[in-house]
Amino acid sequence: MKLRALLIIGIILQTLCSRAQTDGNLTQYYEVPSYFNPSAIGNSDYIRIRGGARMQWVGIDNAPKTFLGVADMPFKIGSKRLGTGVNLTQESIGLYKTLNLGAQIAYKLRKFGGTWSVGLQLGFVDQTFKGSEVRLPDGDDYHQGTDDAIPTTDIHGTAFDFGAGLWYQHSKFYAGISCTHLTSPSITMNAESASGGSETSGRKYEFQIKRTLYFTAGCNIPIKNTLFELAPSVLVRSDFSYTGGIVTARARYRKMFSFGIGYRWDDAIVATVAVEFKNFFLGYSYDYTTSAIRQASSGSHEILAGYSLKLDLGDKNTHRQKSVRFM
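Residues numbered from 1 in each chain as written. Predicted model: local features only at pLDDT ≥ 70, side-chain atom pairs only at ≥ 80, totals over all residues. Heavy atoms only, no water.

### With respect to the packing of aromatic side chains
How two aromatic rings sit relative to each other is given by the distance of their centres and the angle of their planes. Inclusion rule: Planes of paired rings set the category: under 30 degrees apart is stacked, over 60 is edge-to-face and the rest tilted, where pairs are Phe, Tyr or Trp rings (Trp by its six-membered ring) whose centres lie within 6.5 Å. Only protein chains enter the accessibility calculation, which uses a 1.4 Å probe; a residue is then buried when its area is under 20% of its type maximum, exposed when over 50%, and partly exposed in between. Note on criteria: charge over ring means Lys NZ or Arg CZ within 6 Å of the ring centre, with the direction from the centre no more than 35 degrees off the ring normal.
Going through the model one piece at a time under the given rule, you end up with 11 aromatic pairs. Both rings, one in Trp-167 and one in Tyr-174, keep their centres 5.3 Å apart while their planes meet at 10°; by these two values the pair is stacked. Here the two residues Trp-167 and Tyr-174 agree in accessibility, since each one is buried. Taken together, a centroid distance of 6.5 Å and an interplanar angle of 85° make the contact between Tyr-263 and Trp-265 edge-to-face. Owing to a relative accessible area of 55%, Trp-265 belongs among the exposed residues under this scheme. Ring-pair connections join several aromatic residues into one group, and the members of that group are Tyr-35, Phe-36 and Tyr-214. The positively charged end of Arg-250 is found above the aromatic ring belonging to Tyr-30, 3.8 Å away from the centroid.

### With respect to the side chain of Gln-104
Note the threshold: Each helix is a run of H or I in the DSSP string that is no shorter than four residues. Each strand is a run of E no shorter than two, and both are numbered from the N terminus. Contacts described as polar in this section are N or O atom pairs within 3.5 Å, which, within protein, must combine one atom able to donate a hydrogen with one able to accept it, while residues neighboring in sequence count only if both atoms come from side chains. The contact rule is simple, with two residues in contact once any of their heavy atoms fall within 4.5 Å.
Positionally, Gln-104 belongs in strand S4 (residues 96-111). Judged by its relative accessible area of 2%, Gln-104 is buried. For Gln-104, the side chain forms a polar contact with the side chain of Gln-121, separated by 2.7 Å. With residues near it in sequence (within four places) discarded, Gln-104 still touches Ser-34, Pro-38, Ile-41, Gly-83, Thr-84, Gly-85, Val-86, Asn-87, Leu-120 and Gln-121.

### With respect to the pattern of salt bridges
Applicable threshold: Just to be clear on terms, a salt bridge is a Lys or Arg side-chain nitrogen sitting within 4 Å of an Asp or Glu carboxyl oxygen.
Counted according to the given criterion, the structure contains 13 salt bridges. Among the ionic pairs, Arg-252 bridges to Glu-229, the shortest N-O distance being 3.1 Å. With Arg-252 in strand S13 (residues 243-253) and Glu-229 in strand S12 (residues 228-238), this residue pair connects regions lying 23 residues apart in the sequence. Looking at Glu-229, the relative accessible area reads 9%, which means it is buried. Residues Asp-287 and Arg-264 are paired through a salt bridge, measuring 2.6 Å at the closest nitrogen-oxygen approach. Here Asp-287 is found in strand S16 (residues 280-289), whereas its partner Arg-264 is found in strand S14 (residues 257-264), with 23 residues between them in sequence.

The structure is reproduced here in structure tokens:
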């Protein structure tokens, strides 16, 4: 049992070091493009709200968990169309917990048969490490019960965060490139006092978040004389030390039901299913792990839910409602 536990810990630590999973590794990335790219907002005439959770590598204690909420909408200033949005995510893995909060804005320009968007995200990243829960083996020739490089108290820090992106939206396809944590923020983490505050003295720890580059693209392909359409898509991510990605092939029926399969490079085979009804959305995905982690995990689960509200961006609001007092 001890050997198995150490193996699992080693796998998680290796993943942390090689992939620096500060951003969630979402399977339904095509439903929340603004999570990765701040320019992918306001691309429809709807207020779009999405929220959900991802439980990665179920069966492994302290495996990654992601909770997210995103929302965006278009608006106009004169004849210029823009988009605005918010992005809130919490990612936990092991004893680390990271909270990202960002406000987004995008400027749009119609060119070459589609709409180009340039977007920015400004916010902050808040990180906590539960040093009080660190337990190092002791009493043998292979382990040391103390390590000055590992905190034994809870530590916490906050830093400013910045991201940017470019997006092209066409009636039949889309593509975008972006960079999150553009300034590669460095978080100075201080020991938390018993009263919940932060001590200014004592040992300090520094954690640097790697900037991450994303490329995503997808399209809609109607199947002639049927109510089906195909929606292939791809997401590639790189922190300049590790590069990975996921490719997905989905089919949609009557723009209401969708299902598909995909492959995350060197990690998992995925299956997805979703339903849209009267502006409501519900989606689920399952990842079957293909790496050595499958020896300790039954896979990963992800669920998203959302709602879309139609807006009227015309010069005149033809859907204006009268007050009930005058009806």
